[in-house]
Amino acid sequence: MKANIVLIGFMGSGKTTVGKELAKELQMDFIDTDADIEKEAGITIKEMFEKHGESFFRDLETSKAKETDTMENCVISTGGGIILRPENVTALRKNSFVVLLAADSSTIYDRVKGKNDRPLLNVPDPIAKIKELLTARKDKYESAAEFIVITDDKSVYEITNIIKAEYLKR
Ligand code: S3P
């Protein structure tokens, strides 16, 4: 059995909410790579994008992905773009069961609307941007994942139980 569970998926796919619940259920520690990056850098991701550009954030994200191979007994929720660099995916899969939380563009829009903490979606037409990024990233999400859960019509409780059962089977 892999030592950790990593949740990947688009912004608003429920990685943090499900991750916390899953960690509680399995008595594992919960880690959120974005929250750790913000804590260590002392600024928010939004500020990082504004002040230093996206690549500054992506380099910190790669360091976090690489740290997961020394972790144990953790449920790790990641940022939606962690699959963009193949080296991140290789690092995540080393020691963690990688699960994709999939959701369609309207579910995602419902979950992220009214929030302004995601720099990539702070654009005049966020629905179009969600669709564009989902299309561009679809193959990367699917090939990074060892297991996929379609979350659109499922509760946090259902999603958690599906992942828990699959992890314990392996
Ligand atoms: C990003 C997703 C965000 C955060 C950053 C970039 C992306 O995380 O890492 O804003 O490229 O999809 P969430 O998926 O937790 O919103």
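Note that this is a predicted model, so its numbers are computed, not measured.

About the thresholds
Residues numbered from 1 in each chain as written. Predicted model: local features only at pLDDT ≥ 70, side-chain atom pairs only at ≥ 80, totals over all residues. Heavy atoms only, no water. Axes fitted to C-alpha atoms, helices over the stretch in contact; angles between N-to-C directions. Helix = DSSP H or I, 4+ residues; strand = E, 2+ residues; numbered from the N terminus. Parallel < 35°, antiparallel > 145°, perpendicular 65-115°, else oblique. Left-handed = near helix turned anticlockwise from the far one by under 90°. Contact = heavy atoms within 4.5 Å. Salt bridge = Lys/Arg side-chain N within 4 Å of Asp/Glu carboxyl O. Buried < 20%, exposed > 50% of the residue type's maximum accessible area, 1.4 Å probe, protein only. Near = heavy atom within 4 Å. Polar contact = N/O pair within 3.5 Å; in protein donor to acceptor, adjacent residues only side chain to side chain. Areas by Shrake-Rupley, 256 points an atom, 1.4 Å probe, with all protein chains shown as cover. 1 Å grid on protein atoms, 1.4 Å probe; cavity = no way out; pocket = protein on both sides within 12 Å on 5 of 7 lines; lining within 4 Å. Sits in = over half its atoms within 2 Å of the grid points. Pairing = 2+ DSSP bridges.

Chemist: In this structure, what is going on with the packing of helix α6 (residues 105-112) against helix α7 (residues 126-144)? I would like to understand it.
Modeler: Relative placement of two packed helices is described by the angle separating their axes and the distance separating the axes. Following both chains from N to C, one finds α6 and α7 inclined at 130 degrees, their axes separated by 10 Å at the closest point. The orientation of α6 with respect to α7, classified from their angle, is oblique. In this structure, the crossing between α6 and α7 has a hand that is right-handed. When α6 is examined against α7, the residues Ser105, Ile108, Tyr109 and Val112 are found in contact with a partner set consisting of Pro126, Ile127, Ile130, Lys131 and Leu134.

Chemist: Hey, could you run me through the pattern of salt bridges in this one?
Modeler: As enumerated under the stated definition, the model contains 16 salt bridges in all. Among the ionic pairs, lysine 113 bridges to aspartate 110, the shortest N-O distance being 3.1 Å. Using a relative accessible area of 45% as the deciding quantity, one classes lysine 113 as partly exposed. Across the pair glutamate 166 and lysine 169 runs a salt bridge whose closest N-O atoms are separated by 3.2 Å. Note that glutamate 166 and lysine 169 are positioned in helix α8 (residues 156-169) at a spacing of three residues, about one turn of the helix. With a relative accessible area of 64%, lysine 169 lands in the exposed category. What you see here is one network of salt bridges that share partners, running through Glu40, Lys64 and Glu67.

Chemist: What am I meant to see in the site of the ligand here?
Modeler: Around the ligand sit 13 residues, and of these Lys15, Asp34, Arg58, Arg118 and Arg137 come closest. Between the ligand and aspartate 34, the relevant distance is 2.8 Å, taken from an oxygen atom to a side-chain nitrogen or oxygen of the residue. One nitrogen or oxygen atom from the main chain of glycine 81 is found 3.3 Å from an oxygen atom belonging to the ligand. The protein chains hide 93% of the 390 Å² of surface that the ligand would expose on its own. Mapping the ligand onto the cavity grids shows that it belongs to the largest pocket.

Chemist: How should I be thinking about the sheet that holds strand β2 (residues 29-32) in this particular structure?
Modeler: The strands making up a sheet associate through backbone hydrogen bonding, with each pair oriented either parallel or antiparallel. Overall, parallel pairing links the five strands, which are arranged β2-β3-β1-β4-β5 in an open sheet. Strands with a single pairing partner mark the edges of an open sheet, and in this sheet they are β2 and β5 (147-150). If you compare each strand with its neighbour and ignore which way they point, the axes differ by 20 degrees on average. Of the pairings in the sheet, the one linking strand β4 (residues 96-102) to β5 comprises four bridges and is parallel in character. If you follow leucine 101 over to β5, its bridge partner there is valine 149.

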